[in-house]
Amino acid sequence: MSSINSSFSGFSDSKNHYKILDGLRGVAAIIVVMFHIMETFTGGDHTKQIINHGYLAVDFFFVLSGFVIGYAYDDRWNKMSLKGFFKRRLIRLHPMIIAGMVIGAVLFYFQDSAAYNKISEVPVWKLVTVMLIGFTLLPVPPSLEIRGWSEMHPLDGPAWSLFFEYIANILYALFIRKFSNKLLSVLVFIAGVALIHLAVTSPNGDVIGGWSVEPAQLRIGFTRLLYPFFAGLLLSRIAKPSQIKNAFLWCSLLLILVLAMPRVGGKEHLWMNGLYDSLCIVFIFPVIVFIGASGGITGKTSSSLNKFLGDISYPLYITHYAIIYTFVGWVVNHQQYLASGSTESQTTLIIISISVLVSSIVLAYVFVKLYDVPVRKWLTKRLMPNNPN
C-alpha cells in the first residue's frame with residue numbers, strides 16, 4: 001500500500017508520481033471496506049459474498065507497491081543508504097499503523113459479542129500489551145489472543161498485509177534490488193507458479209488468508225506477497241508507459257468489475273474460482289497498473305478526485321477494520337431484530353451499513369489532514385534533515 005514519494009516523503013528531488021495510480025489505490029480501498037461490510041452477512045460462506053472478490057484488492061495493492069517502489073528507488077541507490085531507505089519507508093507507513101492500533105484498542109470493548117468470544121475476558125493490561133506490540137507490527141503471539149480469531153494483529157486485522165509489505169521492502173533493499181531483470185523474471189515466474197498452485201488447490205477455492213502466524217496462513221501470506229510485489233517491481237523496470245486516454249476511468253471500471261465479480265464455479269468446482277484469482281493477480285492487475293501509469297490527469301476535478309482518493313487510501317485501509325469489528329458485533333447482538341425481516345429492521349441495517357462506509361472514509365480523511373501528513377512532515381525534518389543518505 002505504498003505510494004510514490006510526495007514532497008514531504010524525504011526526497012527533495014522526488015520524482016513526479018503517477019496520479020492515476022494514487023486514485024486507483026483509493027478506489028480499491030473503498031471496495032475493501034464495502035467487501036468487509038457485506039462479509040458480515042455471509043456466515044463464513046464465501047460463495048454468498050457480495051462484491052465477491054474484494055479480497056483481491058490486497059494483491060492489487062502488492063502489485064502497485066512493487067511498481068512504485070521500483071519506480072521511486074531503483075535508480076537512487078548510488079546516493080541512498082539502506083538506513084536512508086528504511087527511514088523513508090517507516091516514515092511513510094508507520095504513523096498510520098500506530099493510529100490503526102490505537103483506534104482498534106479504543107473500540108475494542110464496544111465489539112463484545114458472540115462473534116468475539118474472548119473480549120469480555122480481556123483485562124485492560126492485556127489489551128494495552130497487544131496494542132504496544134502492534135505498534136511494532138510484530139505478530140502477536142498466540143498467548144496474547146484477545147479476540148478469538150487467531151489474527152496476528154487482533155486490534156487491526158488488515159495490518160497483516162503491512163507486515164508482509166515490510167518483509168517485501170526488506171527483501172528488496174537487501175537483495176532483490178541487485179537482481180538483474182533476468183534473475184528477477186525467474187523469481188517472478190517461480191512465485192507465479194506457487195501462487196497459481198495455491199489458488200487452484202485451495203480448500204476454499206481462493207487465495208483468502210495470510211493474517212495468522214499459523215504455518216498454513218503464513219504460507220498463504222508469503223505466496224500472496226511474492227508474485228504481485230516483485231511482478232510490480234519487474235513491471236516498473238521493463239514497461240515503457242505510453243499515452244492512454246481516459247486511463248483512470250477505464251482502470252477504475254476494470255478494477256471494480258474484477259473485484260465485484262460473483263463467485264466463479266460454485267462449491268462444486270472450487271478450482272475454477274482459484275483459476276480466476278490467479279488470472280486477476282498474474283495478468284489483469286499488472287495490466288491495470290500499466291494502463292494507469294500510461295494515463296494522465298487533465299482538469300481540476302479529475303486531479304482533485306485522484307488526489308482525494310490517493311490521500312485517503314492507506315489511512316482508510318489501515319483504520320477501517322476497527323469500525324467493521326464494531327459493526328459485526330452490533331449485527332450479532334441484534335440478530336433477532338434483524339432476522340424479523342421487518343421494513344424497519346432492514347431500513348436500520350441499510351442506514352447503519354452506509355454509515356459504516358461513510359464514517360470510515362471521513363475518519364480516514366481526518367487522519368490524513370490532522371495526523372498522517374503533519375506527523376510525516378515532522379518525522380522527515382527530525383530524522384532526515386537535508387535528506388541525508
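Just so it is clear, the model here is predicted, and its values are computed rather than measured.

### Some remarks on a nonpolar patch on the surface
Taken together, the side chains of Ile350, Ile354, Val358, Val362, Val366 and Leu370 define a hydrophobic patch exposed on the protein surface, amounting to about 550 Å² of accessible area. Turning to its location among the elements, Val366 is positioned in helix α12 (residues 343-383). A relative accessible area of 36% means that Val366 is categorised as partly exposed.

### Some details on the environment of Leu198
Of note, Leu198 is situated in helix α6 (residues 181-201). Relative accessible area serves as the criterion here: at 6%, Leu198 is assigned to the buried category. Sequence separation between Leu198 and Gly104 is 94 residues; the distance between their C-alpha atoms is 31 Å. With sequence-adjacent residues up to four places away left out, Leu198 is seen in contact with Arg219, Ile220 and Thr223.

### Remarks on the packing of helix α2 (residues 57-73) against helix α7 (residues 215-238)
Two numbers describe how α2 lies on α7: the axes approach to 7 Å, and their chain directions differ by 40°. Every pair of crossing elements has a handedness; the one defined by α2 and α7 is right-handed. Every residue of α7 that contacts α2 at Val58, Asp59, Phe62, Val63, Ser65, Gly66, Phe67, Ile69, Gly70 and Tyr71 is listed here: Arg224, Leu225, Pro228, Phe229, Gly232, Leu233, Leu235 and Ser236. Partitioned by chemical class, the residues of the contact of α2 with α7 number 11 nonpolar, five polar and two charged.

### Regarding the side chain of Glu145
When you line up the elements, Glu145 lands in the loop between α4 (124-136) and α5 (159-174). At 5.4 Å, Lys118 is the nearest oppositely charged side chain to Glu145, a buried residue that forms no salt bridge. At 2.7 Å, the side chain of Glu145 forms a polar contact with the backbone nitrogen of Arg147. A polar contact of 2.9 Å, which involves the side chain of Glu145, links it to the backbone nitrogen of Ser150. Residues contacting Glu145, with those up to four places away along its chain left out, are Lys118, Lys126, Ser150 and Glu151.

### Description of the pattern of salt bridges
One pass over the structure, following the stated rule, counts seven salt bridges. The partner of Arg25 in a salt bridge is Asp22, and the shortest N-O contact between them spans 3.3 Å. Of this pair, Arg25 and Asp22 both sit in helix α1 (residues 19-39), three residues apart, which is roughly one turn of that helix. Exposure remark for Arg25: the relative accessible area of 3% places this residue in the buried category. Between Arg263 and Asp206 there is a salt bridge; the shortest N-O distance is 3.1 Å. Of this pair, Arg263 sits in the loop between α8 (247-260) and α9 (270-294) while Asp206 sits in the loop between α6 and α7, placing them 57 residues apart in sequence.

Cut-offs used in this document
- Residues numbered from 1 in each chain as written.
- Predicted model: local features only at pLDDT ≥ 70, side-chain atom pairs only at ≥ 80, totals over all residues.
- Heavy atoms only, no water.
- Patch = residues over 30% accessible without salt bridge, like charges linked within 9 Å, V, L, I, M, F, W, Y side chains within 5 Å.
- Areas by Shrake-Rupley, 256 points an atom, 1.4 Å probe, with all protein chains shown as cover.
- Salt bridge = Lys/Arg side-chain N within 4 Å of Asp/Glu carboxyl O.
- Helix = DSSP H or I, 4+ residues; strand = E, 2+ residues; numbered from the N terminus.
- Buried < 20%, exposed > 50% of the residue type's maximum accessible area, 1.4 Å probe, protein only.
- Contact = heavy atoms within 4.5 Å.
- Axes fitted to C-alpha atoms, helices over the stretch in contact; angles between N-to-C directions.
- Left-handed = near helix turned anticlockwise from the far one by under 90°.
- Nonpolar A, V, L, I, M, F, W, Y, C, P; charged D, E, K, R; others polar.
- Lys, Arg positive; Asp, Glu negative; His and termini not counted.
- Polar contact = N/O pair within 3.5 Å; in protein donor to acceptor, adjacent residues only side chain to side chain.

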